[in-house]
Amino acid sequence: MPTRYRAEISMDHDAYATLRVSLKGGIARITLDNPPVNVLDVALMADLRHLLTALRDDDSARVIVSTVLARSSS
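Presented here is an overview of the structure given in this document. Just so it is clear, the structure is predicted and the values come from calculations on it, not from any experiment. (Residues numbered from 1 in each chain as written. Predicted model: local features only at pLDDT ≥ 70, side-chain atom pairs only at ≥ 80, totals over all residues. Heavy atoms only, no water.)

**So, the pattern of salt bridges**
Next, step 1: Enumeration according to the criterion identifies two salt bridges in this entry.
Next, step 2: Linking R56 and D57 is a salt bridge whose minimum nitrogen-to-oxygen distance equals 3.1 Å. (Salt bridge = Lys/Arg side-chain N within 4 Å of Asp/Glu carboxyl O.)

This is the structure we're talking about:
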């Protein structure tokens with residue numbers, strides 16, 4: 001079985017290049033912010049893996065809400 005590593009959750013806005021994160025009252029809110037169209041590229045996948053690993057190991061995170069920052073022009 002692979003060894004699990006414990007990641008630290010960072011609420012610093014510069015900690016993740018492609019995500020905005022908040023954790024309040026047991027609710028982790030993750031907003032994908034990878035302009036221009038929020039493509040699931042290598043950077044976003046790496047940020048998500050790190051963050052979700054940290055949330056898995058954090059007993060204070062009871063629920064994860066994921067949203068996408070919408071950017072569009074008409």
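**Notes on the sheet that holds strand 3 (residues 63-68)**
Sheets are built from strands that pair by backbone hydrogen bonding, the pairs being arranged parallel or antiparallel.
Next, step 1: Strand order in the open sheet formed by three strands is 1-2-3, and the pairing between neighbours is mixed. Because the sheet does not close on itself, it has two edges, and the strands there are strand 1 (19-24) and strand 3. Each neighbouring strand pair of the sheet contributes to a mean axis angle of 15°, computed without reference to strand direction.
Next, step 2: Note that strand 2 (residues 27-32) and strand 3 share six bridges and pair parallel. Its bridge partner being in strand 3, I30 is matched across the sheet by S66.
Next, step 3: Its contacts with the sheet put helix 1 (residues 42-56) on strand 1, strand 2 and strand 3, and the angle it makes with strand 2 is roughly 180°. (Pairing = 2+ DSSP bridges. Helix = DSSP H or I, 4+ residues; strand = E, 2+ residues; numbered from the N terminus. Axes fitted to C-alpha atoms, helices over the stretch in contact; angles between N-to-C directions. Contact = heavy atoms within 4.5 Å.)

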